[in-house]
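Coordinate inspection notes
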Amino acid sequence: TRSFTDPSVSMDLLRAVLQPSINEEIRGVFNKYMKFFQTAAINVRDNVGEEVDPEQLIQETCRSCLEQAKLLFSDGKKVVPRLPHEQAVPKRARQMDEELSRRGSPIPKKRKGRPPGQSLSNDRGVSGMAAWKLKVSEPVKRDGPKWDPSRLTETTTFVLGSRANKALGMGGTRGRLYIKHPHLFKYAADPQDKHWLTEQQHMRAIGGKMAYLLIEEDIRDLAASEDYRDSVDLRLEELKPFIPPAWMTEKMQKHMETLRRGGDVPPPEEPPE
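What you are looking at is a predicted structure, and each value in this text was computed from that prediction instead of being measured.

Turning our eyes to something else, we now look at helix α7 (residues 191-199). Those residues of α7 not exposed but buried are Asp-193, Lys-194, Trp-196 and Leu-197. Axial view of α7: buried residues confined to an arc of 160°, hence all on one face. In α7, the exposed residues that point more than 90 degrees away from the buried face are His-195 and Glu-199. For α7, the elements touching its buried residues are β1 (158-160), β2 (186-188), β3 (212-215) and α9 (246-260). By the N-cap criterion, in which a side-chain oxygen at the helix start approaches the backbone nitrogen of a residue two or three places on, α7 is capped by Asp-190, the distance to Gln-192 being 3.1 Å. Taken from the residues just after α7, Gln-201 is the one with a positive phi, measuring 60°.

In structure tokens, the structure reads:
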């Protein structure tokens, strides 16, 4: 047992009292820059493929930012390892940054592009749609009637994620739909599912890339919402809904139940292309 007169105990008690306020302010800082992270994550997914999870990329980037921020309070004994691309920064540039820090002067800003608070709502073909935000550490709610596995029956119609993107006017930005609407139920087709989808000509063979299935009703509800109903890019004829076989629907029911209970999404059975 440690005495409350112990300096470290006293300071930790103060930290515990202030921690909620500190966390809230840190969240505000990350929200300020979140649009940059979101755009970068979408670009990565566009370039690499739908097997990339933009939400995971954003979370990892935020954690990395916090790790690097520890250097501000380093005592010189414990140094946070730098990433390979950060180690390549020219020595002269590092010395300049250190000198400016010692003088208390801000580092000159020579960045090009938008300031942190500027909207990106008109970027990449989403003109006319509401700007979207992904809050740091915001939990994805998986409850309510849309997350009731019993709604998936042998007559429930589904659409491919790629077609849903096109239908909502986001055809050229794969993955934007899943980031903008993280509360949508989506099911990653396994090799058996892809074989059936290809045989039925619902999709072409795509090798190791991920293919997501979404509920047609959910997409049509989105299309009727304020964000999309007046969009000139709306193309609902692109949906091409279909009814999967009973064995596939049963797998999706189990997947929905697992997610609703907070379980982890199983890793894909095929490697990325």
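Let us now look at unusual backbone geometry. Phi angles above zero are rare outside glycine, and Gln-201 is one such case at about 60°. If you trace the backbone, Gln-201 turns up in the loop between α7 and β3.

Let us look at the packing of aromatic side chains. What the rule picks out here adds up to three aromatic pairs. The interplanar angle of 90° and the centroid separation of 5.6 Å between the aromatic rings of Trp-147 and Phe-185 together place this pair among those described as edge-to-face. Note that Trp-147 is positioned in the loop between α4 (91-103) and β1 and Phe-185 in the loop between α6 (176-180) and β2, a separation of 38 residues in sequence. Like Phe-185, Trp-147 is buried. Over the face of the ring belonging to Tyr-212 we find Lys-186, whose NZ or CZ atom lies 5.5 Å from the ring centre.

Criteria and cut-off values
Residues numbered from 1 in each chain as written. Predicted model: local features only at pLDDT ≥ 70, side-chain atom pairs only at ≥ 80, totals over all residues. Heavy atoms only, no water. Buried < 20%, exposed > 50% of the residue type's maximum accessible area, 1.4 Å probe, protein only. Helix = DSSP H or I, 4+ residues; strand = E, 2+ residues; numbered from the N terminus. Arc of directions from axis to C-beta. Contact = heavy atoms within 4.5 Å. Polar contact = N/O pair within 3.5 Å; in protein donor to acceptor, adjacent residues only side chain to side chain. Phe/Tyr/Trp six-rings, centres within 6.5 Å; stacked < 30°, edge-to-face > 60°. Lys NZ or Arg CZ within 6 Å of the ring centre and 35° of its normal.

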